[in-house]
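Here are the chains, one letter per residue:
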Amino acid sequence: MAANLEEFLLSPAVWQPQSSGAAVRLKHALGPLGVYTAGSTLLRTQWEAGGGKLPTHLIDLTAIPGLDRIAVQNGELIIGATARLNDCSSHPVVMERAPLLADAIRQIAGWSVRNQATLGGNAASRVGDAVPALLALDACLVWHDGEKQYTEHIAEWLSVQNWPGMLEWVETRDTIGLRLLTSIRIPLPDEYTTKQTRRWFAYHKAGRREAFMPSLVTAAVAAEVGEDGAFADIRITAGGGRTVPLRLTEAERLLRGRRPEAAALRQVHEAVREQYVPEPDPFATDDYRKLTLANLIAAELWKRK
Ligand SMILES: Cc1cc2nc3c(=O)[nH]c(=O)nc-3n(C[C@H](O)[C@H](O)[C@H](O)COP(=O)(O)OP(=O)(O)OC[C@H]3O[C@@H](n4cnc5c(N)ncnc54)[C@H](O)[C@@H]3O)c2cc1C
């Protein structure tokens, strides 16, 4: 009984704001004592691993009406931050127009976790396995700062150095960590569906075993392929483990206007190993992860040939 009472007294208060603005204002008021929570699946792993103190206040975002909406508006796919991963990957528009994202999501955790986890929580972590796909799809993030909403390109956000890590979010008073992700916007350009070019996507995640494992490396490719098989445009991104995803711009440059022939792929392989600098991982060396990533990307491109 005493232990239960102690647990009860240690339990955080759970707040359920009814709008994004109210959630951010609450976070401002609570400062480091309050933590946004959506599906709580990532937060849970940190608390269970002893990596972060249970906060005094949880700001539950899932009660905000409409924040889980998935819709197409003005040529963009808009996914609300609290949309569950399974709802995203099984949504007809996501499956048809952004299959890269659906594919990436299906490789995150298991079914039960994906039923609880949100796309916003995955993206907000900066290292979630959906992030390379979002970057390859040229997504924009819509934030709320407590007063207004504003949009930021995902590449710009990912390029911010020294972003407070999630565990530090509990401690930080930096306003950048106080804002709320409200939705993710993915362009669905019409020209990609014309007769002259076709869209082509590939996503690959490699871990220490085939499924239910954190990633060691992830690669996503979104390309526009001409009738001659050459890449009219291509975006190649990489992440994995605690590595913040980035675009592999040199590999992209080498492929633009070319078919994925052996000579081009040899150059791409080298460029990938050069540009990808993974965050250290206790289970695999940097060299192993660089080589794995280069092999995965070259293999996916070769299949396209
Ligand atoms: C068994 C298991 C396996 C997993 N496997 C994978 C995997 O393979 N790949 C992978 O990427 N992840 C994996 N995860 C981690 C996690 O499930 C996903 O990253 C998930 O998408 C996180 O979403 P969530 O809604 O649960 O986030 P939460 O845990 O609720 O939040 C995550 C972080 O984001 C912040 N946050 C949440 N929503 C917002 C918002 N709208 N605005 C601002 N900040 C916000 C929270 O404060 C917190 O810091 C796994 C987790 C478990 C338990």
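Reading the values: the criteria
Position numbers for residues count from 1 along each chain, tracking the sequence in the order it is written. Only residues with pLDDT of at least 70 are given local features in this predicted model, and only at 80 or more are side-chain atom pairs given and counted; all residues enter the totals for whole chains, interfaces and linings. Computation of side-chain values covers all heavy atoms of the structure but excludes hydrogens and water. To sort residues, take the accessible area from a 1.4 Å probe on protein chains only and compare it with the maximum for the residue type: under 20% means buried, over 50% means exposed, and anything in between is partly exposed. Helix and strand definitions here come from DSSP, where helices need a minimum of 4 consecutive H or I residues and strands a minimum of 2 consecutive E residues; each element is numbered from the N-terminal end. Strands were regarded as paired on the criterion that DSSP finds at least two bridges between them. Note on definitions: salt bridges are taken to be side-chain nitrogens of Lys or Arg within 4 Å of carboxyl oxygens of Asp or Glu. Working convention: axes come from line fits to C-alpha atoms, limited for helices to the stretch in contact. Angles between N-to-C directions cover 0 to 180 degrees.

The name an unreviewed UniProt entry gives the protein chain is FAD binding domain-containing protein, with Cohnella lubricantis as the organism.

Engineer: Talk me through the pairing of strand E8 (residues 180-187); I want residue IDs and the actual numbers.
Structural biologist: The element E8 is extensively covered by neighbouring structure, given that 6 of its 8 residues are classed as buried. As judged from the 5 bridges shared by strand E5 (residues 76-80) and E8, these two strands associate in the antiparallel manner. Following the sheet pairing, Ile 79 is matched in E8 by Ile 184. Sheet analysis places strand E6 (residues 140-144) next to E8, joined by 5 bridges and oriented antiparallel. Within E8, the position partnered with Cys 140 by the bridge is Arg 185.

Engineer: Help me get a handle on the pattern of salt bridges, residues and values and all.
Structural biologist: Taken as a whole and assessed by the stated rule, the structure comprises 11 salt bridges. Of the charged contacts in the structure, one is a salt bridge between Arg 256 and Glu 252, with a shortest N-O distance of 3.3 Å. Members of the salt-bridge network, linked through shared partners, are Asp 233, Arg 247, Glu 252 and Arg 256.

Engineer: A description of the sheet that holds strand E9 (residues 197-207) should follow, citing residues and the corresponding values.
Structural biologist: With respect to topology, 4 strands assemble into an open sheet ordered E9-E10-E11-E12, the strand pairing being antiparallel. The open sheet has two edge strands with one neighbour each: E9 and strand E12 (243-247). Each adjacent strand pair in this sheet contributes to an overall mean axis angle of 10°, direction not counted. With 3 bridges connecting them, strand E11 (residues 231-240) and E12 associate as antiparallel partners.

Engineer: Summarise the sheet that holds strand E3 (residues 57-60); cite the residues concerned and give the values.
Structural biologist: One open sheet holds the 3 strands; their spatial order is E1-E3-E2, and the pairing between them is parallel. The open sheet has two edge strands with one neighbour each: strand E1 (13-15) and strand E2 (34-37). The average angle at which neighbouring strand axes cross in this sheet is 30°, direction not considered. As defined by bridge partners, E1 adjoins E3 across 3 bridges and the pair is classed as parallel.

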